[in-house]
Amino acid sequence: MKLARFGVVAFVSALLLAGCGEEKKQEEQAAAPAQEQPAQPTQEQTASTEQPAATEQQAATEQPAAAAGSGGELNVYNWSDYIGETTVEDFQKATGITVRYDVYDSNETLEAKLMAGNTGYDIVVPTGSFLGRQIQAGIYQEIDKSKLKNYGNLDPQILQALAAFDPDNKHAVPYFWGTVGIGFNVDKIKERLGDNAPVDSLDLLFKPEYADKLKDCGISMLDAPSDMFQTALKYLGKDPHSKSEEDYAAVEQLFAGIRQDVKYFHSSQYINDLANGELCAVIGWSGDVFIAAARADEAKNNVHLDYRIPKEGSLVWVDSLAIPKDAKNVDNALKFIDYLNDPQVAANGVNYVSYASPNTAALPMNNDDIKGNSSIYPTDDVKKNLFSDMQADPDLERLRTRTWTKIKTGQ
């Protein structure tokens, strides 16, 4: 969910000007003992593994034959709603490998499991700054790139940016990237705030005169401290990478003014709630809002959703595929990573989850409404005001945890 610390200016020039073109079943996984292999998937997780029938576009596309017939198993721990509709099913058919697929919805959840050791997973999907400190902690093994025939499809400038966290790109392969922004119910916002509602500004959620009027239709925010603090600091005109207690106190004060208007802090529940019309404004991840919009369209429930990158600027991030040091099925993990980087497989993933891919060979295969959407692949003007993540030191992590607890509890 975030991106490597390449420096704001360097990142924007390296990643964004390339023009490549941070939470749901947390409670379910948290209960699994650290020393055990991941449990058999829940009913909802099984639905993720046993993917539904291919879409018309996917059915018409020949799937790559990824090391067919190898067999064995693969244990994947990924973000919720974060893979192509039939990708897992197609990979199992192509290889004979049985995939056990579990999900989480925060980097903090993933990190706690990784730090406990003996996770039982072969592939995980960390974000920039988390990836960096987990590499320093010796969590991951190096990637054998000689076994990744599709590695050349990756944008070298994204790889360069990610190298700030993973020197020489030894331990991770970029997967998706996106932004933190504003998701909203078009009709409910218009009904309460009129035609001139500031839907392109964080004023919509952070100013009491607006938030108070949206309380009845539902406001939610990510339960992702690193993303939320950096976004709020930027909104306040401060350095999003600030380590100042005074700056964090200002963010706490900002939230105090609208805390009573926030329905909840969660990093995945908002997808369905937006789609069902139970929320009218959120701070969320770009692709999640587009997933919610697609679900509303499929349900034909007359819920119209949109997403905007805040004009004040926003955080951009990259999630990567990595193999834990204790992985038992390394060869199968590499086969899966390579499969995901097949251009058509990558494009199918983008078309389903609506996040941007670092796979340049996949871009021509993306749906027109995605590759032409400036909220997914931002314009040059918007790119200038985006900033990258930064690896937090232990003191900053403690400050964030302490302040976030106060914000969430309202105390």
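Right above here is the structure, for reference.
Residues numbered from 1 in each chain as written. Predicted model: local features only at pLDDT ≥ 70, side-chain atom pairs only at ≥ 80, totals over all residues. Heavy atoms only, no water.

Draft legend 1. Spotlight on the pattern of salt bridges. Going through the model one piece at a time under the given rule, you end up with 19 salt bridges. The partner of Lys-93 in a salt bridge is Glu-89, with the nearest N and O atoms 3.2 Å apart. Here Glu-89 and Lys-93 lie together in helix H5 (residues 87-95), a separation of 4 residues that amounts to about one turn. Residue Lys-93 is classed as exposed on the basis of its relative accessible area, which comes to 63%. Linking Asp-368 and Lys-371 is a salt bridge whose minimum nitrogen-to-oxygen distance equals 3.7 Å. Here Lys-371 and Asp-368 lie together in helix H18 (residues 368-371), a separation of 3 residues that amounts to about one turn. Judged by its relative accessible area of 32%, Lys-371 is partly exposed. Each member of the salt-bridge network shares a partner with another, and the members are Glu-111, Arg-133, Glu-397 and Arg-400. (Salt bridge = Lys/Arg side-chain N within 4 Å of Asp/Glu carboxyl O. Helix = DSSP H or I, 4+ residues; strand = E, 2+ residues; numbered from the N terminus. Buried < 20%, exposed > 50% of the residue type's maximum accessible area, 1.4 Å probe, protein only.)

Draft legend 2. Structural context of the pairing of strand E7 (residues 281-285). Across the 5 residues that make up E7, a large majority, 5, are buried. Pairing of strand E4 (residues 172-185) with E7, which is carried by 5 bridges, proceeds in the antiparallel orientation. Looking across to E7, one finds that Gly-181 is bridged to Gly-284. With 3 bridges connecting them, strand E5 (residues 219-221) and E7 associate as parallel partners. Note on E7: the bridge partner recorded for Ile-219 is Ala-281. (Pairing = 2+ DSSP bridges.)

Draft legend 3. Focus on the packing of helix H12 (residues 225-235) against helix H13 (residues 245-256). The interhelical angle for the contact between H12 and H13, taken along N-to-C directions, is 90 degrees, at an axis separation of 10 Å. Compared by their axis directions, H12 and H13 come out roughly perpendicular. In this structure, H12 contributes Met-228, Phe-229, Ala-232, Leu-233 and Tyr-235 to the contact, and H13 contributes Asp-247, Tyr-248, Val-251, Leu-254 and Phe-255. Residue composition of the contact of H12 with H13, by class: 9 nonpolar, no polar and 1 charged. (Axes fitted to C-alpha atoms, helices over the stretch in contact; angles between N-to-C directions. Parallel < 35°, antiparallel > 145°, perpendicular 65-115°, else oblique. Contact = heavy atoms within 4.5 Å. Nonpolar A, V, L, I, M, F, W, Y, C, P; charged D, E, K, R; others polar.)

Draft legend 4. Spatial organisation of the packing of aromatic side chains. Following the criterion strictly, the structure yields 21 aromatic pairs and no others. Each ring, one from Tyr-77 and one from Tyr-121, has its centre 4.4 Å from the other, and the planes form 10 degrees; the classification is stacked. Of this pair, Tyr-77 sits in strand E1 (residues 73-79) while Tyr-121 sits in the loop between helix H6 (107-116) and strand E3 (123-124), and the two are 44 residues apart along the sequence. Grouping residues by exposure puts Tyr-77 and Tyr-121 together as buried. With centroids separated by 5.6 Å and ring planes inclined at 55 degrees, the aromatic side chains of Phe-290 and Tyr-307 adopt a geometry described as tilted. (Phe/Tyr/Trp six-rings, centres within 6.5 Å; stacked < 30°, edge-to-face > 60°.)

Draft legend 5. Summary view of helix H20 (residues 394-409). Helix length check: H20 (16 residues) gives 23 Å between terminal C-alpha atoms against 22 Å at 1.5 Å per residue, within 8%. Among all positions of H20, only Leu-396, Leu-399, Arg-400, Thr-403, Trp-404 and Ile-407 are buried. Each buried residue of H20 sits inside an arc of 125 degrees when the element is viewed along its axis, so together they form one side. Turned more than 90 degrees off the buried face of H20, the exposed positions are Pro-394 and Asp-395. Residues of H20 that are buried in the fold lie against H12, H13 and strand E6 (264-265). The positive-phi residue at the C-terminal boundary of H20 is Gly-410, with phi of around 70 degrees. (Expected span 1.5 Å × (residues − 1). Arc of directions from axis to C-beta.)

Draft legend 6. Spotlight on the environment of Gln-134. In this structure, Gln-134 sits in helix H7 (residues 128-136). Between the C-alpha atom of Gln-134 and that of Glu-111, which follows or precedes it by 23 residues, the distance is 7.8 Å. Among all residues touching Gln-134, those that are not within four sequence positions of it are Glu-111, Leu-114, Met-115, Pro-126, Ile-139 and Tyr-140.

Draft legend 7. Region of interest: the environment of Gln-157. Mapped onto the fold, Gln-157 is located in helix H8 (residues 156-162). Using a relative accessible area of 31% as the deciding quantity, one classes Gln-157 as partly exposed.

Draft legend 8. Layout of the packing of H12 against H20. Two elements in contact, H12 and H20, have axes separated by 10 Å at closest approach and are oriented at 85 degrees. By the angle between their directions, the pair H12 and H20 is classed as roughly perpendicular. Here Pro-225, Ser-226, Met-228, Phe-229 and Gln-230 of H12 lie close against H20, whose contacting residues are Arg-400, Thr-403, Trp-404 and Ile-407.

Draft legend 9. Just the nonpolar core, in detail. Ile-189, Phe-206, Met-221, Phe-255 and Tyr-270 are the most contacted members of the largest nonpolar core, which totals 115 residues. Sort the elements by how many residues they give to this core and E4 lands first, with 8 residues. If near-sequence neighbours (up to four positions away) are discounted, Met-221 is found in contact with Leu-205, Phe-206, Met-228, Phe-255, Ile-258, Val-262, Tyr-264, Phe-265, His-266 and Ile-283. (Core = buried A, V, L, I, M, F, W, Y, C linked by side-chain atoms within 4.5 Å.)

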